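What follows is each chain in one-letter form.
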Amino acid sequence: MNKQQGSNKKGKASGRGSGNSRNTSYARGNAPIKKQDVSNAPKPKQQVAKKSNPGEIRLNKYIANSGICSRRDADMHIATGLVSVNGKIVTEMGYKVKLEDEVRFDGGRVNPEKKAYVLLNKPKGFATTTSEGKGRTVMDLVANATSSRIKPIGRLGRNSLGLILFTNDEDIAKKFTNSKNGVPRLFHIELNKNLKHEDFIKIKEGFKVEGKLVSVEEISYIDKGSKKEIGLKVKNTGSTIIRTIFDYLKYDIEKIDCVSIGQLTKKDIPRGHWKHLTEQEVISLKML
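In the nomenclature of an unreviewed UniProt entry, the chain corresponds to Ribosomal large subunit pseudouridine synthase B from the organism Formosa agariphila. The chain has a UniProt comment under Sequence similarities (unreviewed entry) that states "Belongs to the pseudouridine synthase RsuA family."

Here is the structure:
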């Protein structure tokens, strides 16, 4: 290699490590960034987020959550005027409702919550009410059972014991309040004295109190018990009829214990505890 060629090599040096700044070329990724004047550039518009009310839900989702249909089908039903909110037909897409609103689809009430069925074995000292300010209530005992808004079906006095069903299923609730059919409940009752045979027959056949017929489904003495203990099956939602019967016949009630509702029993439910009904138990209840 001659002297001329050697000098040319030095002059063509490039990339990092070259001491020649005049003829420097830049490898990929090392080129200097050209500064831009952004002083006059338009600033991007800030998007203002719309405030949403956590207590509201889109009407189509409300209907879909009930299991009636999909959201898409719900939109179609809304558009055709089949849905009402608090008594008024709503056809607006994207309409929002509150959980406490009364939504009806084709005339029937829509419940946006998952259906829940809770069976409680009530102890003494708890009132059967959903109202606040009543001291200890059965709602305190089932507070952690479900996020669905369940309520007690039927009533037991504060000092009465036994089974109470809680649900948000209106069809089941109607079964209990239906005056013709109803749901049979079996009570174990202890009186302050033996039930006379003539009074036993009177209860079995039915009698009138203040012009109204008082009747029960079945009555029996408790096996291996005294004549003070009887089993009474009724279809009324409360235990008022039981007190009406024995007040009229001059007996004091020392204990009222609801031991079964339809085919539901207290088996495996200790006093003060609850359980969720199985799918088969719900089906059986609906068939009553």
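Anyway, onward from the coordinates.
A. Geometry of the overall build of the chain. Across its full length, the chain holds eight helices and 17 strands. Put simply, the chain shows about 19400 Å² of open surface, and 47% of that area lies on carbon and sulfur atoms.

B. Representation of helix α8 (residues 279-286) in the model. All buried positions along α8 are accounted for by Val-282, Ser-284 and Leu-285. The buried residues of α8 occupy an angular sector of 160 degrees when projected down its axis, which confines them to one face. Turned more than 90 degrees off the buried face of α8, the exposed positions are Glu-279 and Gln-280.

C. The pattern of salt bridges, seen in detail. Tallied over the entire structure, the rule returns eight salt bridges. Arg-109 is the salt-bridge partner of Glu-170, the closest N and O atoms lying 3.8 Å from each other. Note that Glu-170 is positioned in helix α5 (residues 170-177) and Arg-109 in strand β6 (residues 108-109), a separation of 61 residues in sequence. On the accessibility criterion, Glu-170 (39% relative accessible area) is partly exposed. The residue Lys-275 makes a salt bridge to Glu-281 at a minimum N-O spacing of 2.8 Å. Connected through shared salt-bridge partners, Glu-102, Arg-104, Arg-109 and Glu-170 make up one network.

D. Representation of the nonpolar core in the model. The biggest cluster of nonpolar side chains holds 50 residues, and the ones touching the most others in it are Ile-203, Leu-232, Ile-245 and Phe-246. One finds Cys-69, Ile-78, Phe-105 and Val-110 within the second-largest nonpolar core, a separate group that totals 14 residues.

E. Structural detail: the packing of aromatic side chains. Summed over all chains, the structure comprises three aromatic pairs. A cation over an aromatic ring shows up here: Arg-136 above the ring of Phe-126, its NZ or CZ 4.4 Å from the ring centre. In this structure, Lys-227 packs its charged tip against the face of Tyr-221, placed 4.4 Å from the ring centre.

Each value, and the rule that gives it
- What you see as residue numbers is a count from 1 along each chain, following the sequence as written.
- Reporting of local features is limited, given that this is a predicted model, to residues whose pLDDT is at least 70; pairs of side-chain atoms are given and counted only at 80 or more, and all residues count toward the totals for whole chains, interfaces and linings.
- No hydrogens and no water enter the side-chain calculation; it runs on all heavy atoms of the structure.
- UniProt positions are given in the numbering used here, feature names are shortened, and annotations may be inferred rather than shown by experiment.
- Elements are defined by DSSP. Helices are runs of H or I of four residues or more, strands are runs of E of two residues or more, and each kind is numbered from the N terminus.
- With residues, only the protein chains shown are counted as cover, and all accessible areas are computed by Shrake-Rupley using a 1.4 Å probe.
- A simple rule labels every residue: compare its accessible area, found with a 1.4 Å probe on the protein chains alone, to the largest value its type can have, and call it buried under 20%, exposed over 50%, or partly exposed in between.
- The arc under discussion is defined with respect to the helix axis, by the directions toward the C-beta atoms.
- In the sections that follow, a salt bridge refers to a side-chain nitrogen of Lys or Arg positioned within 4 Å of a carboxyl oxygen of Asp or Glu.
- Nonpolar cores were defined as sets of buried Ala, Val, Leu, Ile, Met, Phe, Trp, Tyr and Cys residues, with membership established by side-chain atoms within 4.5 Å.
- In this analysis, rings of Phe, Tyr and Trp, with Trp reduced to its six-membered ring, are considered paired at centre separations within 6.5 Å, and the interplanar angle assigns stacked below 30 degrees, edge-to-face beyond 60, and tilted for intermediate values.
- Over a ring means this: the NZ of a Lys or the CZ of an Arg is within 6 Å of the ring centre and within 35 degrees of the ring normal.

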